[in-house]
Every structure is written in structure tokens, then in C-alpha cells.
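# A structural walkthrough
One-letter residues, chain by chain:
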Amino acid sequence: MKKNDIRIITPIEEKAPTLGEISDVAAGPKAVAISLQQVGKYSDVQGCTTTLLKLNQKDGFDCPGCAWPDPEDRSAVAEYCENGVKAVAEEATTRRATPAFFAKHSIKELAEMSDFELGKSGRLTHPMLLKAGGTHYEETSWEEAFEIIANKLNSLSSPNEAIFYTSGRTSNEAAFLYQLFVRAYGTNNLPDCSNMCHEATGVALSETVGIGKGTVKLEDFYVTDLVICMGQNPGTNHPRMLSALQKAKRKGAKIITVNPLPEVGLMRFKNPQEVRGWIGKGTKLTDLFVPVTINGDVAFLKAIMLLLIEKEAENPGSVFDHDFINEYSEGFEEMIADVKKHDFEELCIAAGVAAIKVRKAAAMIAESKRIIICWAMGITQHKNGVENIREIANLLLAKGSIGLPGAGLCPVRGHSNVQGDRTVGIWEHLTPDLEAGIKRTFNFQPPTQSGYNAVNAVKAMHKGKASFFFGMGGNFLSAMSDTEYTAEALQQCDMTIQVSTKLNRTHLVSGKTALILPCLGRTETDIQEDKEQFISVENSMGIVHSSRGHREPASEALLSEPMIVARMAKAVLADKMDIDWVWYASDYDRIRGAISTAITGFEDYNNRVRREGGFYLPNGPRERNFTTKSGKAGFTINAVPEHDLEEGNYKMMTIRSHDQYNTTIYDLNDRYRGIHNGRRVVFMNAEDIKKEGLKQGDFVDLVSFYDEKERVAPHFMIVAYDIPLRCTATYFPEANMLVSINSKADRADTPASKLVVITMRRSEKS
Ligand SMILES: Nc1nc2c(c(=O)[nH]1)N[C@H]1C(S)=C(S)[C@@H](COP(=O)(O)OP(=O)(O)OC[C@H]3O[C@@H](n4cnc5c(=O)[nH]c(N)nc54)[C@H](O)[C@@H]3O)O[C@H]1N2
Ligand SMILES: Nc1nc2c(c(=O)[nH]1)N[C@H]1C(S)=C(S)[C@@H](COP(=O)(O)OP(=O)(O)OC[C@H]3O[C@@H](n4cnc5c(=O)[nH]c(N)nc54)[C@H](O)[C@@H]3O)O[C@H]1N2
Ligand SMILES: [Mo]
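Along each chain, numbering runs from 1 in the same order as the chain's sequence is written. Written order determines the labels here, with chains lettered from A and ligands numbered from 1. Reporting of local features is limited, given that this is a predicted model, to residues whose pLDDT is at least 70; pairs of side-chain atoms are given and counted only at 80 or more, and all residues count toward the totals for whole chains, interfaces and linings. Hydrogens and water are ignored here; the side-chain numbers use all heavy atoms of the structure.

## Focus on the overall build of the protein chain
Elements are defined by DSSP. Helices are runs of H or I of four residues or more, strands are runs of E of two residues or more, and each kind is numbered from the N terminus. Scanning the protein chain from N- to C-terminus turns up 30 helices and 35 strands. Based on C-alpha atoms, the radius of gyration is set beside the globule rule, defined as 2.2 Å times the residue count to the power 0.38. Over its C-alpha atoms the protein chain spans a radius of gyration of 25 Å, differing by no more than 12% from the 27 Å that the globule rule assigns to 766 residues. Viewed in the frame of its principal axes, the protein chain has a C-alpha envelope of about 75 × 60 × 55 Å. Buried means the residue's accessible area, taken with a 1.4 Å probe over protein chains only, is under 20% of the maximum for its type, while exposed means over 50%, and partly exposed covers the values in between. Counting the 766 residues in the protein chain, one finds 66% classified as buried. In this description, contact between two residues means that some pair of their heavy atoms is separated by no more than 4.5 Å. Pairs at least 24 residues apart make up 79% of the contacts formed inside the protein chain by residues separated by at least 6 positions. Carbon and sulfur atoms form 50% of the exposed surface of the protein chain, whose accessible area is close to 27,100 Å². Averaged over its 89 positive side-chain charges, the protein chain has a centre that lies 3 Å from the centre of its 98 negative ones. Per-residue and other accessible areas were derived by the Shrake-Rupley procedure at a 1.4 Å probe size, with only the shown protein chains allowed to occlude residues. Note on charges: Lys and Arg go in the positive column, Asp and Glu in the negative column, and His and the chain ends are not counted at all. Charge positions are represented by NZ for Lys, CZ for Arg, CG for Asp and CD for Glu.

Quick look at the structure:
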């Protein structure tokens, strides 16, 4: 599919994917071998091995992969996983996308490359400019780049015509300076990848417990009775979490997994960092697997609550924690009254789960005191994403299973610093706390009117209300929903700019003028004023710690993210503001000093971040200090979503393969699910395949119909899989074009990427 003659999605693979065996155990020696292979394929092996020795070590750098925390007893040589290695290899590659590369290939030609090939073109080395009407990116100087940006920003009729996106790899230091610049310039248009990710979690937890983050620490996994993993695939996306689950199991915890797919990582795990992980069958992780239908989670949790109410009635005080409920919460009676209106059998049908499984789960929950519930995108990326999470909170609150060792809420974050970016001010809303902090520290009044989130930013660009897009990392086009609409939105802009390490499709489907600003990566040495700098990040559990790269930068022309922000701010705001931007970016201690006074919880930042293991940010709910408006934790009432699928309609979720990092395609395999050499597959139940008169290996076009518009994603190969009836799965970003921009979580606007109603047509190409 093309817009203005530029291909907006990766081309269809020429060969059909091949099918192999589905794995029955995750990680283990094979994972190590594969990660090393990956390093060998796309990077210089020797340098990379030294780099890997520094990964997640106390004096090393934070893995640019996921946000899972590092254990205190981390392995001395290798605290990483197969997918962490791939993330490092991707950044530490010896390949380069130089000005000569861009001179050779026009934008149009580059767009004909697949997402996989684009990434493999290597690290970006120089600032590149695409002039209005130009066919190629051309080398430019940093001075010229900042001047172009300044001229544009200073010519807009309102700062609200500019949009400043952030992806979640950006450090606290860069993110803080960036939001400060954006607010000093005059807007709160700060959408981020969190808007597409855990926004629903933020909304739900802020109103139920008073903080938009989780309440557990890693140590809690080692003293818990029960872990419930919902809508998450840690074997691929947070592999180091499997070690924590394994340790929990060895200490006697049970695990319930709630997922339409029996994801291998949650079933059985061989720890590659232990000798005993290399032999034998590995540790069985999941005790009870609950194959819910897509979006059956509220019904499942309500069915459990009904059974808990029964058990409690039989033996009062045995199930619910009334002391906790009375002292710390409100709305319990109303919640119970609502649940009682439901019929158990009907809830089981809505959840797509056999009653006996629900009974087993309820029994395990009833007898456990210390429960941790983990969740990720299978829970948040739904129309009722916020309700899903509120229902999770209901269960834990009723059990008093929060603010207790071994118990609590555990949203598992995605990007390695997505949580930190939000903490230091990347948000389209200005909190009163941040407003006061900025005034106190920098003596100016930031704008108070809320800006655009990701969905609204696309709409604003599409309507012509915004004409300037700046991306601090990420790949906005491919990550967002409704690819065609988003492409139109970006292409209508006068100017789009991206700070990036690698080439991606957003560089190609650009505004009239476009800039690529290449930056240092996590693994690289960052020297400012002759002094080696380090940055800091916050992991999924609220711990802020330092990260220091040590590789030689991919090119001499690269700037660090904080320096790019500072020089842009200086060019744009010139003398309008009494802030010496470049002085701040010349020594990150100065930025951290400012954060200490501007952001609550960062007092004495520079000293505390230098302590081994970093420091923990304040977390009220962990201490049973619920910082909601009423000061109490709130039970909520959440409707069971209804999905009346017509004949021939299927629910589709868009998920990650084992060989991708969001829109970065490491390779074309999904080993655990038995897929090789291709990505255009649709997983489907064998009975449904038969019912449609199709067979495995056939090709179909996937069609969705929203807002009176048909959207088609062509040519997916059918794969028979252990997935509930009427449910299907495809990979993101290939299927994003089927998700309407208006299909999103109520109140959080997270695109509903996990439930798209589709039909299928035989593909003409097959
Ligand atoms: N290697 C690697 N690591 C990553 C990433 C990556 O792409 N690659 N991405 C990072 C980012 S930004 C994020 S946010 C995380 C994402 O981590 P995950 O959330 O684990 O990623 P997804 O592949 O989207 O998996 C969603 C899971 O939810 C299940 N699911 C889908 N719909 C439902 C539902 O309605 N109910 C239930 N109960 N389950 C459902 C799917 O079967 C799947 O197992 O990973 C981070 N880590
Ligand atoms: N259908 C569907 N859509 C989804 C999802 C889904 O599950 N289904 N998941 C959503 C989620 S959870 C998320 S978080 C978003 C992700 O959305 P984004 O964060 O926008 O996308 P990424 O693919 O992570 O970004 C990759 C690009 O980041 C750049 N990059 C890498 N490292 C660095 C760095 O250190 N600095 C800078 N400046 N740039 C760097 C590289 O140029 C690379 O091409 O996608 C969302 N979209
Ligand atoms: Mo994410």
C-alpha cells in the first residue's frame, strides 16, 4: 500500500513462511546459542562480547530491551537474556547507514525495502535532511538542522501546532530536558509510547490506588503464595522475569496463567544461567493455565469473585480481608452487590473458560494470602482496558493483597525507561506537582492546557491543526494504529523530525521537509566537556539507577539525546528564556540537580543514583497509603464487555513474535510458536479453519470494518494453532492498518490493538 507513491507498510514477503515444531520449553542453552549467533550475524563478535559483559551490571549499562528489574544477586558475568542480546546486537552492529547510503537510495527505493532490511542497513551516522520536494536525504550539519527547526517552530501561529513524541528508551536526563524545552516553547503536546502501551494501567491505578504504577518489588516474588500472569508473554518480552517466576516456584508459590495462547515461556523454563538449566526438562512454571477468549478477562475475574463471595459466606473471614477493607478502602459493598447480579455460568461462557477451571482458580486464590497479579498488553490494549485493570485491583483489594510483602499490583512495563520518562514529565497533561516544580526551579509558568496524546496527535495532524512532528526515538508511523490514516497525517505535516539510532519507516513516510538526527545509543560512551557521562533510568518497579555505555560511538558525528535537546532549545528559544540549555547538557549532574528540585522523590538525586543498585521512588500504596482523592483505595464496578460476533467474524489480537522489538524486526522467525522465515501468518483454531472451508497454508486477506470503512491487510498464511474458537492472532506492525484510529480504550485512548473484529477473504495472490 502506498501514499504519495511511498510504500507505507513493509512489502509482502515473496516466499511463504515455513512451519516447524512448537517449543515446549523456553530459554535454556538453545537461547544462548541463538543469541550468540545473532551477534555473529549482524555485529562484530569480539567487541560485542565485551559489551555483553557490561549488560545490566552495576558499573555497566541498562539493557535497552525491556524494563524488568535486575536482581540483587545478579549473575557476575551474564545478567541478560536472548532478547536482550538481540537488542544490544541491533545497536552495536558494525553496519552503517552513511550519507553515501542515502545518496545511493531514494526515499522511494528505501520504502520498498522491508522493515527487516531497513533496520539491517545499520546505525545512522550523520544528520540528514530531506528538502521539500526532494527525492533523497542529504547530509546536513547540526547547525543547519537546528536552524531549520528554529525557523519552523518560530513561524507557527501557535506552539500547539507542534507535536513532540517520545519513545521509552530516552533517559531521565534527556526526557526531563526535552519536556522542559517543549513547555518553555509553549505546549503540552507530549504524546509518548506509553499512550499506546500502559496508559490504561496509569488511568486505572491512579483512580483505584492513587499512583499510576505497580506496587511490588522483585523481592516480593520470592515470598509470594500465588502469581497470576494475565495478558503477557514474558518468555519473549521479559525473559528475565522467568528467572523470578522460577525462584518463586522453588519457594513454593503457585502460578496461574490467563492467556488465549499457551505461551511456551510461561509453561516451562530452563534457566540458561544455571548449570542445572542446561540439563533436564526445566522448571514447570504454570500450575493452572486458563485459556480465556480474547477480552474475556473481566468475565473471568467476576466469575472468580462470585465463587469467592460464596466461599466467604460459608466460612466468614476466610477469604476476604475485612480489616483491610474497612480501614483502607471504599466501595466494597457496592462491588459485591454488582457481582451478585451476574450468573456464574454466563460469566464462564463470556470468559470462554470451562467452569471447572474457574473453580480451580478460585480455590487457589481463596487459600492464598499473598498474591501478585502481573499484566501487560493483553489487558491494556482493549476498549475496556481501564476496566480490565480496575477488576484486577478489585480482586487484590478484596484479599487485602496489597501493601504486604509478596503481594500487589505488577504491571510489567515495556520500553526500558518508559516509566521513568513519565515520572520526569513526559505527559500530555501538566500535573500540579510538575507545574510547581518547574516554577520553583526555572521561574517560568508552563502552559496548563492539556496537549495531544498519541491518538489525538494523529487526528490533529490529519485535520491540519498540527503541522510539525518531532519524534524523540521510536517509529511513530508503524507503532500507531490505522497505518494509512497515520501515514496521511504525517505526510500532511510541513516538517517531521526524528532523533534515531536506526532507520525506520517513519523516516520515509515523512512530512514535506524531514530531518534525521542521529544519536548515541545506550551502549556507547558519552563524553561531554571531556568527562564521561552516565544517564539514569527507572525500571518497571520504580527503582532509579544509572547506566553507562562504554563502546566507541557508531560515528563521530553523533550527539547525545540531552545535547540534541539543548542545542535545539537554544536555537529555538534563543534569549527568550533565562535557561542555559547547553550548560545543562554539558554535564548531566546539572540536569539531575535540576530534577532534584523540580520532581518529587528525586531529592539528592546525584548522590543516591551513584549508590549501588540506585534508589527506590516513593510509592504510597506499597505502604497502604492510598493517595486517591478520598485517601482510600477504591473498589469499582466494571461491565462485562459483550462481543456479538456475526457469522464469519473473528476477534484478532496483534502480538509480538520472538524476533522483534516492537517495530524493529530482528529476524523473520518466531521459534517458540514454530514459525520460520516469515511474519505474515494468522494463527487460528483448527475447527474455525475447517468451518471457513480453508486449510492450513492457505492465504487470506484480513478485513476489518470500522467507521464505515473497510480496511484490508493482504496475504496472511493460515496457521492452525492452540487458540480459543473465534480468536485469531497476527503480528504487529503488519496488522496495525486494520485498527481504526477511533478504536481505543475508553478514557485512556490506548489503541485497542488486542481486539480487532475481522473477516477473511481468500487472497487473490494464492
Ligand atoms: N523481545 C522483546 N521484548 C519486548 C518487546 C518486544 O517487542 N520484543 N516490547 C516491549 C514493550 S514496549 C512492551 S509493552 C512489552 C509487551 O509485552 P507483552 O504484553 O507480553 O507483548 P504482546 O506480544 O503484545 O503480548 C500480549 C500477550 O497477551 C495475550 N493476550 C492478548 N489478548 C488478550 C486478552 O484479551 N486477554 C488475555 N488475558 N491475554 C491476551 C497474548 O496472547 C500475548 O501472550 O514487551 C517489551 N519487551
Ligand atoms: N498493533 C499493535 N501496535 C502496537 C503494539 C501492539 O501490541 N500491537 N504495541 C504498542 C506499544 S506497547 C508500544 S510501546 C509502541 C512502540 O512504539 P515506538 O516506541 O515508537 O517504537 P519502537 O519500535 O520501539 O521504536 C524503534 C525505533 O527507535 C529508535 N531507537 C532505538 N534506540 C534508540 C535510542 O536509544 N534513542 C533514540 N532516540 N532512538 C532509538 C530506532 O530508530 C528504532 O527504529 O508500539 C505500540 N503499537
Ligand atoms: Mo510498550
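## Here we look at the site of ligand 2
Any residue with at least one heavy atom within 4 Å of a molecule or strand is counted as near it. Neighbouring ligand 2 are 30 residues, the closest being Y165, S167, A479, E561 and T663. Q381 places a side-chain nitrogen or oxygen 3.1 Å from an oxygen atom of ligand 2. Throughout this description, a polar contact denotes any pair of N or O atoms lying within 3.5 Å of each other; where both atoms belong to protein, one of them has to be capable of donating a hydrogen while the other can accept it, and for residues adjacent in sequence the pair is counted only when both atoms sit in side chains. Within the side chain of N736, a nitrogen or oxygen atom sits 2.7 Å from a nitrogen atom of ligand 2. Protein chains shield 96% of the accessible area of ligand 2, which is 940 Å² for the free molecule. Amino acids are sorted into nonpolar (Ala, Val, Leu, Ile, Met, Phe, Trp, Tyr, Cys and Pro), charged (Asp, Glu, Lys and Arg) and polar (every other residue, Gly among them). Grouping the amino acids of the shell around ligand 2 by side-chain chemistry returns ten nonpolar, 15 polar and five charged. Here the limits of each domain have been adopted from an automatic or database domain assignment. The residue makeup of the shell around ligand 2 includes at least three contributed by each of domain 1 (6–22 + 646–762) and domain 2 (34–196 + 418–610).

## A short note on the layout of surface pockets
For cavity detection a 1 Å grid was placed over the protein atoms alone, and a set of points counts as a cavity when a 1.4 Å probe fits there but cannot get out; an open set counts as a pocket when protein lies on both sides within 12 Å along at least five of seven lines, with lining residues being those that have an atom within 4 Å of a point. Grid points are joined across faces, edges and corners, and a volume is the space filled by probe spheres set on the points. Here the largest pocket is characterised by a volume of approximately 1,400 Å³. Contributing to the lining of the largest pocket are 47 residues, with S206, G210, I211, G212 and T431 lying nearest its centre. Residue assignment for the lining of the largest pocket shows that the elements contributing at least two residues are α9 (199–208), α20 (418–423) and α21 (432–442).

## Points about the packing of aromatic side chains
Classification of ring pairs uses Phe, Tyr and Trp, with its six-membered ring standing for Trp, and accepts pairs whose centres are within 6.5 Å; under 30 degrees between planes counts as stacked, over 60 as edge-to-face, and the remaining range as tilted. Within the structure shown, the criterion is met by 28 aromatic pairs. With 5.4 Å between their ring centres and 85° between their planes, F101 and F102 make a pair best called edge-to-face. What makes F101 buried here is its relative accessible area of 15%. Residue classification places F102 among the buried positions, given a relative accessible area of 1%. Centre to centre, the rings of F164 and F470 are 6.1 Å apart; their planes meet at 40°, and the pair counts as tilted. With F164 in strand β9 (residues 162–166) and F470 in strand β18 (residues 468–472), this residue pair connects regions lying 306 residues apart in the sequence. We note that F164, like F470, is buried. Three or more aromatic residues link up through ring pairs in this structure, and these residues are F164, Y178, F181, Y185, F468, F470 and W581. Charge-over-ring placement is defined geometrically: NZ (Lys) or CZ (Arg) within 6 Å of the ring centre, and within 35 degrees of the ring normal. One residue, R726, lies across the ring of Y650, its end atom 5.6 Å from the ring centre.

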